[in-house]
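Spelled out from the first residue to the last, the chains are:
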Amino acid sequence: MKQAPPYVPGHQLLAGKSVLITAAAGAGIGYSAARRSAEEGCRALMISDVHPRRLEEAVERLKAETGLQAIFGQLCNVTVEAEVQALVASAEELLGGVDVLINNAGLGGQKLVVEMSDEEWLRVLDVTLTGTFRMTRAMLPHMQRRGAGAIVNNASVLGWRAQKEQAHYAAAKAGVMALTRCSALEAAEFGVRINAVSPSIALHDFLKKASSEELLASLAGREAFGRAAEVWEVANVMMFLASDYASYMVGEVLSVSSQQA
């Protein structure tokens, strides 16, 4: 099956919940998760990004596409602790408390280990792994105080599988998986659930710009369906983990992939 299935309508999985999503102003998984959150009935939504114009446009587009008007945007660079704290504080105030946090911010790239500088290595880890850590650390006290909440992290199958020129990204995503499992044990006793998705390849405009057609075709060819995932197919699994349907899931990393072992 090389053609994506029809877009699935919402089923009110997040009815009455508030949602905060990082790096959600582009054309990728973050924006799709934001749209899905509204379609699944969330009462209020906040998205963050590092691009002012794109963030403003994304907020307006989400309102137009979903009909939800309680949508807010705030600039945030997850590598800056002060901005992370400001984002969480703003979301807590404007959303009346955050029920769901989706840590989507991440940074990739292609570089051989022998050609990779310290700066390139550290930049990918700072955004992808440490950024997820900063957001989780800032959000947990609020959720733990309320005795409820769900955090969904965006990992990658590269946290399990090897690929050339992806050592920094793979290491960061493997770290996100470990962070998910360990922090989940700490949060569970307070009634807070932390889980993650692990996509293989979800095609969007940024990925097309950052990768060659040959590489994308090769990656898609490894999938059992013979195609890359649609970003909303990954967002669907995020919605499940954020919902009460996943009430007994803690520290899980769900593969969103049709790759064969």
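Okay, so let's go over this structure. Quantities reported herein were computed from a predicted structural model and do not represent experimental measurements.

This paragraph deals with the sheet that holds strand S7 (residues 253-256). Read across the sheet, 7 strands follow the order S3-S2-S1-S4-S5-S6-S7 without closing on themselves; strand pairing throughout is parallel. Of all strands in the sheet, those bounded by a partner on one side alone are strand S3 (71-75) and S7. Put simply, the sheet's adjacent strands are angled 20° from each other on average, direction ignored. Looking at chain direction, strand S6 (residues 192-199) and S7 are connected through 4 bridges and run parallel. Following the sheet pairing, Pro 199 is matched in S7 by Val 256. Against the sheet, helix H3 (residues 81-94) touches strand S1 (18-21), strand S2 (44-49) and S3, its axis set at about 165° to S2.

With 14 residues, H3 extends 20 Å from end C-alpha to end C-alpha; this agrees with the ideal 20 Å at 1.5 Å per step. All of the buried residues in H3 are Val 84, Leu 87, Val 88, Ser 90, Ala 91 and Glu 92. If you follow the buried residues of H3, they end up packed against S1, S2, S3 and helix H4 (118-146). Looking one or two residues past H3, Gly 96 carries a phi angle of roughly 70°, positive in sign.

Moving on: the environment of Pro 52. Take Pro 52: it is sitting in helix H2 (residues 52-66). What makes Pro 52 exposed here is its relative accessible area of 52%. Taking the C-alpha atoms as reference points, Pro 52 and Glu 65, separated by 13 residues in sequence, lie 20 Å from one another.

Before going further, it helps to spend a moment on H4. Given 3.6 residues per helical turn, the α-helix brings residues three or four places apart onto the same face. Over its 29 residues, H4 extends 41 Å from the first C-alpha to the last, a length consistent with the 42 Å expected when each residue adds 1.5 Å. Most pronounced at Asp 126, the bend in H4 amounts to some 40°. Looking at the residues trailing H4, positive phi occurs at Gly 147, about 75°.

Quick look at the packing of aromatic side chains now. Pairs of aromatic rings are described using the distance from one ring centre to the other and the angle between the two planes. Tallying each qualifying case throughout the model produces 1 aromatic pair. Ring centres of Tyr 7 and Trp 232 lie 5.0 Å apart, and the angle between their planes is 70°; on these two criteria the pair is classed as edge-to-face. Pair noted here: Tyr 7 is in the segment before S1 and Trp 232 is in helix H8 (residues 231-242), with a separation of 225 residues, a long-range link. Note on Tyr 7: relative accessible area 35%, which makes it partly exposed. Classification of Trp 232 as buried rests on a relative accessible area of 10%. A cation over a ring is seen here: Arg 61 above Tyr 31, with NZ or CZ 4.4 Å from the ring centre.

Here we come to the pattern of salt bridges. One pass over the full model with this rule turns up 12 salt bridges. Across the salt bridge formed by Arg 134 and Asp 126, the nearest N and O atoms sit 2.8 Å from each other. Under the relative-accessibility criterion, Arg 134 is labelled buried at 12%. What makes Asp 126 partly exposed here is its relative accessible area of 22%. Residues Glu 233 and Arg 227 are paired through a salt bridge, measuring 3.0 Å at the closest nitrogen-oxygen approach. Classification of Glu 233 by relative accessible area gives buried; the value is 17%. Given a relative accessible area of 9%, Arg 227 falls into the buried group. Three or more residues are tied together by salt bridges with common partners; here these are Arg 35, Arg 36, Glu 39 and Glu 65.

Analysis parameters
- Residues numbered from 1 in each chain as written.
- Predicted model: local features only at pLDDT ≥ 70, side-chain atom pairs only at ≥ 80, totals over all residues.
- Heavy atoms only, no water.
- Pairing = 2+ DSSP bridges.
- Helix = DSSP H or I, 4+ residues; strand = E, 2+ residues; numbered from the N terminus.
- Axes fitted to C-alpha atoms, helices over the stretch in contact; angles between N-to-C directions.
- Contact = heavy atoms within 4.5 Å.
- Expected span 1.5 Å × (residues − 1).
- Buried < 20%, exposed > 50% of the residue type's maximum accessible area, 1.4 Å probe, protein only.
- Bend = angle between axes of the 7 residues up to and from the residue.
- Phe/Tyr/Trp six-rings, centres within 6.5 Å; stacked < 30°, edge-to-face > 60°.
- Lys NZ or Arg CZ within 6 Å of the ring centre and 35° of its normal.
- Salt bridge = Lys/Arg side-chain N within 4 Å of Asp/Glu carboxyl O.

By themselves, these figures tell us nothing about what the structure is for.
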